[in-house]
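# Reading the structure
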Amino acid sequence: MATFNSSNTLSSTFYLSGIPGYEEFHHWISIPFCLLYLVGIMGNCTILHIIRTDPRLHQPMYYFLAMLSLTDMGMSMPTMISLFRVLWSISREIQFSTCVVQMFFIHTFSFTESSVLLAMAFDRYVAICHPLRYATILTPRLIMKIGIAALLRSACAMIPLLARLAFFPFCHSHILSHSYCLHQDMIRLACADTKFNVIYGLVLISVLWGMDSLGIFVSYVYILHSILKIASREGRLKALNTCASHICAVLILYVPMIGLSIVHRFAKHSSPLIHIFMAHIYLLVPPVLNPIIYSVKTKQIRQGVLYLLLHTKISSTMM
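Because the structure is a prediction, the values reported are computed rather than measured.

With respect to the secondary-structure elements, Asp 212 resides in helix H8 (residues 195-227). If we skip the residues at most four places from it in the chain, Asp 212 touches Phe 111, Ser 114, Ser 115, Leu 118, Arg 153 and Tyr 254.

Structure follows, in structure tokens:
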């Protein structure tokens, strides 16, 4: 540990942490993590495969769902290798450059997922409030532009924040709190003025997540206003049911996100287990639950999953 905490070194090597106090159980703890990553990867890949192969699903709603699956994997998969390297006692070391790249992918796709959820809210708004103009408004060209803009907005916003890390001396502890790199975890180790990073990070969260959440809220205000105008109770329930999966996806992303931000800002001296638990929920719950929710709540996806399972079973018995 003396090497890890040396205050005289400006080494570019950092050390990841597992579950403090439970190091002897790391191999056992890795089993549920393996299952969660497996469910998340298989679920999102299944969604993408069904949307790609079924021409009936080549519609705006499902294109946005494909974007959500891609961002889910983009947010969680960069953590997979470093997490299992720690839990399987392979290595705790991570180079500064690798750490920055990992941070870039985690935070970029986190902001991108928020933007995709906003786009999905707009999709539901157009489908319910302007159904006759749905296909003419949400054209494939516009959907592609929305996806590219969401990714570029998030990536460009992260560059100034991460670029400044290259100029920070890390002359104290090089031990990170998690089994992967997060910006808020890295800057607490810097022995320099990090005021810009702290303020810029807060502004970034407030502007990007704030604008997205406000856009989602406004979309649903208009959606509810239109739904209440529907005469039949069955019609209102049917319209609301088309939004149920999206509302669940919004809650699955924003609740852990807000919880993690609160813990990092206002509970710095709380148990490390709380920080680790919240971080893993934030990164693993959306990729695992989103495919399940959309498979259960969306008839076309559910039919696609059943067809895929039955087709695979029939093919295996014929062989």
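So, on to the packing of aromatic side chains. Any pair of aromatic rings gets described here by the distance separating the centres and the angle formed by the planes. This model, assessed by the stated rule, comprises 11 aromatic pairs. For the pair Phe 14 and Phe 170, a centre-to-centre distance of 5.2 Å together with 85 degrees between the ring planes defines the contact as edge-to-face. Residue Phe 14 is located in strand S1 (residues 13-15), and its partner Phe 170 is located in the loop between helix H6 (140-163) and helix H7 (183-187); the two are separated by 156 residues in the primary sequence. Residue class for Phe 14 comes out buried when judged on its relative accessible area of 0%. Summarising the aromatic geometry, the rings of Phe 105 and Phe 109 are spaced 6.2 Å apart at their centres and angled 10 degrees between planes, so their arrangement reads as stacked. Of this pair, Phe 105 and Phe 109 are both found in helix H4 (residues 96-129), 4 residues apart, which corresponds to roughly one turn of the helix. A relative accessible area of 34% places Phe 105 in the partly exposed class.

Take the nonpolar core next. Counting residues in each nonpolar core, the largest one holds 73 residues, and the members touching the most others are Leu 117, Leu 176 and Met 186. Looking at which element gives the most residues to this core, the answer is H4, with 14 residues. In contact with Leu 176, other than residues within four places in its own chain, are Phe 14, Tyr 15, Leu 16, Ser 17, Ile 94, Cys 99, Cys 181, Asp 185, Met 186, Arg 188 and Leu 189. In terms of nonpolar packing, the next biggest core, distinct from the first, is built from 6 residues, Phe 33, Tyr 37, Leu 83 and Phe 84 among them.

With that out of the way, let us pick up the packing of H6 against H8. With their axes 10 Å apart at the nearest point, H6 and H8 run at an angle of 170 degrees to one another. The pairing of H6 with H8 is recorded here as roughly antiparallel in orientation. H6 and H8 meet at a crossing whose hand is right-handed. Here H6 contributes Arg 153, Ala 157, Met 158, Pro 160 and Leu 161 to the contact with H8, which in turn contributes Phe 196, Asn 197, Tyr 200, Gly 201, Leu 204, Leu 208 and Asp 212.

Another aspect to go through is the UniProt feature "transmembrane region" (unreviewed entry) in the chain. The sites that UniProt annotates as "transmembrane region" (unreviewed entry) are residues 25-51, 63-88, 100-122, 142-163, 198-223, 244-267 and 273-293. Along residues 142-163, the helical share is 100% and the strand share 0%, with 32 Å between the first and last C-alpha atoms. For residues 273-293, the end-to-end C-alpha separation is 28 Å, with 100% helix and 0% strand making up the annotated structure.

What follows is about the side chain of His 280. Examined against the element boundaries, His 280 turns out to sit in helix H10 (residues 272-297). For His 280, the contacting residues outside a window of four places in its chain are Phe 33, Leu 83, Ser 179, Tyr 180 and Val 285.

Our next topic: unusual backbone geometry. Of note, the phi angle at Ser 89 is positive, near 55 degrees, even though the residue is not glycine. Structurally, Ser 89 is set in the loop between helix H3 (80-87) and strand S2 (93-95). Residue class for Ser 89 comes out exposed when judged on its relative accessible area of 55%.

With that settled, consider H6. Working note: α-helix, 3.6 residues per turn, so residues spaced by three or four point in the same direction. Taking 1.5 Å as the rise per residue, H6 with 24 residues should run 34 Å; its terminal C-alpha atoms sit 35 Å apart, in good agreement. Within the sequence span of H6, burial applies to Ile 143, Gly 147, Ala 150, Ser 154, Ala 155, Ala 157, Met 158, Leu 161 and Leu 162. Summarising the contacts, the buried residues of H6 are in contact with helix H2 (60-76), H4, H7 and H8.

Okay, the state of the cysteines next. Cysteine pairs can be covalently joined through their sulfur atoms, and such a bond is termed a disulfide. With the rule as written, the count across this model stands at 1 disulfide. With no disulfide of its own, Cys 243 lies closest to Cys 129 among cysteine sulfurs, the gap being 9.0 Å.

Together, Tyr 22, Phe 25, Trp 28, Ile 31, Leu 35 and Leu 273 give the surface a local cluster of nonpolar side chains, amounting to about 620 Å² of exposed area. Take the nonpolar patch: its biggest share by element is 3 residues, from helix H1 (residues 26-53). Structurally, Leu 273 is set in helix H10.

So, how was this worked out
- Residues numbered from 1 in each chain as written.
- Predicted model: local features only at pLDDT ≥ 70, side-chain atom pairs only at ≥ 80, totals over all residues.
- Heavy atoms only, no water.
- Helix = DSSP H or I, 4+ residues; strand = E, 2+ residues; numbered from the N terminus.
- Contact = heavy atoms within 4.5 Å.
- Phe/Tyr/Trp six-rings, centres within 6.5 Å; stacked < 30°, edge-to-face > 60°.
- Buried < 20%, exposed > 50% of the residue type's maximum accessible area, 1.4 Å probe, protein only.
- Core = buried A, V, L, I, M, F, W, Y, C linked by side-chain atoms within 4.5 Å.
- Axes fitted to C-alpha atoms, helices over the stretch in contact; angles between N-to-C directions.
- Parallel < 35°, antiparallel > 145°, perpendicular 65-115°, else oblique.
- Left-handed = near helix turned anticlockwise from the far one by under 90°.
- UniProt positions renumbered as here; feature names shortened; annotations may be inferred.
- Expected span 1.5 Å × (residues − 1).
- Disulfide = S-S within 2.5 Å.
- Patch = residues over 30% accessible without salt bridge, like charges linked within 9 Å, V, L, I, M, F, W, Y side chains within 5 Å.
- Areas by Shrake-Rupley, 256 points an atom, 1.4 Å probe, with all protein chains shown as cover.
- Salt bridge = Lys/Arg side-chain N within 4 Å of Asp/Glu carboxyl O.

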